[in-house]
Amino acid sequence: MDLDITGAKILISIPELGGFMLTETVVVTWVVMLVLVLACRFMTKNLEVHPTKKRQIIAETIVGAAQNLVKSNMGEKYLGTWYLPFIGALFALSAGCSLSSLFGAYAPTSDLSTVLAWALFVFALITINKIKSNGIGGYLKSYTEPIPVMTPFNIIGEIATPVSMAFRHFGNIASGSVITALIYGGLSALSGLVLGLLPGALGQTLSNIPIFAAGIPAILSLYFDFFSSFLQAFIFCMLTMMYVSDAAGDAV
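Residue positions are given per chain, counting from 1 as you read along its sequence in written order. Whole-chain, interface and lining totals are the exception, using all residues; otherwise, since this is a predicted model, local features are given only for residues with pLDDT of at least 70 and side-chain atom pairs are given and counted only at 80 or more. For the side-chain quantities, the full set of heavy atoms in the structure was used; hydrogens and water were omitted.

S.K.: Explain the overall build of the chain here, please?
M.R.: Regarding its fold elements, the chain presents seven helices and two strands. We call a residue buried when its accessible area falls under 20% of the maximum for its residue type, exposed when it is over 50%, and partly exposed in between, using a 1.4 Å probe and counting protein chains only. When the 252 residues of the chain are sorted by exposure, 31% land in the buried category. Contacts in the chain between residues at least 24 apart in sequence constitute 63% of all its contacts with a sequence separation of at least 6. Looking at the chain as shown, the accessible area adds up to about 14700 Å², and 72% of this sits on carbon and sulfur atoms. The numbering of helices and of strands both runs from the N terminus, where a helix is a DSSP run of H or I of at least 4 residues and a strand a run of E of at least 2. Contacts between residues were defined by any pair of non-hydrogen atoms, one from each residue, lying within 4.5 Å. Here the Shrake-Rupley method, with its probe set to 1.4 Å, supplies the accessible areas, and only the displayed protein chains count as covering residues.

S.K.: I would appreciate a short explanation of the nonpolar core in the present structure.
M.R.: General note: in soluble globular proteins, nonpolar side chains tend to be found buried as a group. Core analysis: the biggest nonpolar cluster contains 27 residues, and V70, M74 and F236 have the highest contact counts within it. Sorting the residues of this core by element identifies α1 (24-43), α2 (54-74), α3 (83-99), α4 (112-141), α5 (151-195) and α7 (216-248) as the ones contributing at least two each. If we ignore the near neighbours within four places in the chain, the residues touching M74 are Y83, M241, V244 and S245. Residue types Ala, Val, Leu, Ile, Met, Phe, Trp, Tyr and Cys, when buried and joined through side-chain atoms within 4.5 Å, form a set referred to as a nonpolar core.

S.K.: Any chance you could explain the packing of α2 against α3 here in plain terms?
M.R.: When two helices pack together, their arrangement is given by the angle between the helix axes and by the axis-to-axis distance. Running from amino to carboxyl end, α2 crosses α3 at an angle of 115°, the nearest separation of the two axes being 10 Å. In terms of orientation, α2 and α3 fall into the roughly perpendicular class. Seen along the crossing, α2 lies across α3 with a hand that is right-handed. Contacts between α2 and α3 pair A66, Q67, V70 and M74 from the former with Y83, L84 and I87 from the latter. For this classification, the nonpolar set comprises Ala, Val, Leu, Ile, Met, Phe, Trp, Tyr, Cys and Pro, the charged set comprises Asp, Glu, Lys and Arg, and every other residue, Gly included, is treated as polar. Taken together, the residues that form the contact of α2 with α3 break down as six nonpolar, one polar and no charged. Lines fitted to C-alpha atoms define the axes here, with helix axes fitted over just the stretch in contact, and angles between the N-to-C directions of these axes take values from 0 to 180 degrees. Should an angle lie under 35 degrees it is considered roughly parallel, over 145 roughly antiparallel, and from 65 to 115 roughly perpendicular; all remaining angles are considered oblique. Should the near helix be turned anticlockwise from the far one by less than a right angle, the crossing is left-handed, and should it be turned clockwise, the crossing is right-handed.

S.K.: Is there a simple way to explain α4 in this structure?
M.R.: An α-helix turns once every 3.6 residues. As a result, residues three or four positions apart point the same way. Compared with the 44 Å implied by 1.5 Å per residue over 30 residues, the 32 Å span of α4 between its first and last C-alpha is markedly short. Along α4, the sharpest kink reaches roughly 110°, centred on G135. Among all positions in α4, only T114, V115, W118, A119, V122, L125, I126, T127, N129 and Y139 are buried. Take the residue count of a helix, subtract one, and multiply by 1.5 Å to get its expected span. Two axes enter the bend calculation: one fitted to the seven residues ending at the residue in question, the other to the seven starting there, and the bend is the angle between them.

S.K.: Looking at this structure, how should I read the environment of E24?
M.R.: Here E24 shows up in helix α1. E24 gets classed as partly exposed once you look at its relative accessible area, which sits at 21%. Through-space distance from the C-alpha of E24 to that of P108 is 8.0 Å; in sequence the pair is 84 residues apart.

S.K.: Help me out: how do you make sense of the packing of aromatic side chains in this one?
M.R.: In this scheme Phe, Tyr and Trp rings, the latter by its six-membered ring, pair at centre separations within 6.5 Å, and the angle between planes marks the pair as stacked below 30 degrees, edge-to-face above 60, and tilted otherwise. This model, assessed by the stated rule, comprises eight aromatic pairs. What links up through ring pairs into an aromatic cluster is the set Y78, W82, Y83, F86 and F121. In this structure, R55 is placed above the aromatic ring of F42, and the distance from its NZ or CZ to the ring centre is 5.4 Å. The rule for a charge over a ring is simple: NZ of Lys or CZ of Arg within 6 Å of the ring centre, and within 35 degrees of the ring normal.

S.K.: Sorry, what's going on with the side chain of T240 here?
M.R.: Looking at where T240 falls in the secondary structure, it is placed in helix α7. For T240, a relative accessible area of 1% translates into the label buried. Beyond its immediate chain neighbours, meaning those up to four positions away, T240 contacts F86, I87, L90, V122 and M165.

S.K.: I keep staring at the pattern of salt bridges and nothing clicks. Help me out?
M.R.: A side chain of one charge can pair with a side chain of the opposite charge if their charged atoms are brought near each other. Only one rule defines a salt bridge in this text: a Lys or Arg side-chain nitrogen within 4 Å of an Asp or Glu carboxyl oxygen. Applying the stated criterion across every chain, the model contains one salt bridge. For E158, the salt bridge goes to K130, with nearest N and O atoms at 2.9 Å. With E158 in helix α5 and K130 in helix α4, the pair connects residues that are 28 residues apart, well separated along the chain. You can call E158 buried: its relative accessible area is 12%. Classification of K130 by relative accessible area gives partly exposed; the value is 23%.

S.K.: Would you take a moment to explain unusual backbone geometry for this structure?
M.R.: Look at the link from E145 to P146: it is a cis peptide, with omega at 0°. Examined against the element boundaries, P146 turns out to sit in the loop between α4 and α5. A positive phi angle, close to 55°, is found at N46, a residue other than glycine.

So, in structure tokens, the structure goes:
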């Protein structure tokens, strides 16, 4: 199985096109986006002024939760901007990509290139809002504050923002998959060792069945793949809102 440097399986590699590679990360991400688009289309079809359908009620509940999240963390002035759907889409895509591992697919958020791309986009938003708020001169001057000798450290601190966002998200999702796999492997080995002590054909048969691995990895997977997926999506969105609103100041 061919892998890229992040661990994702390479499905198609075409050297003639400049080393183009179609990885499992790309395919799963597009599948998740398609599912989200279809879900949004389904829940918002034939909307009513006074909702009676469960799908519209669920859709309005989700939108209301997104509005409350943005309002409480960025301010009411952001509700009429494109930041509201952006934060909602970012949360849904992050959670959806992480939850894809529940269906046996490779989670795109376990690929550093995925979350790093999101973090770089957020970093671009932060920089744009700082320039809009302080002007290009004020933005460049901020690197020399409080004293010019701090400029290199301020630059490093600025670069550290997207790096820390990416590695925090990637590390938590990827580590969950690794921990679950290690525990499953360890319990399978323990099962083979203990049950192999049984006499005769019974021991030989049962030692090949990972009985001890039944249940525990599933419970851990439920935490890492389900709860942690929503938690990391929430944290990433919270950091995005905090950094962008601080950078924007009064300029929106």
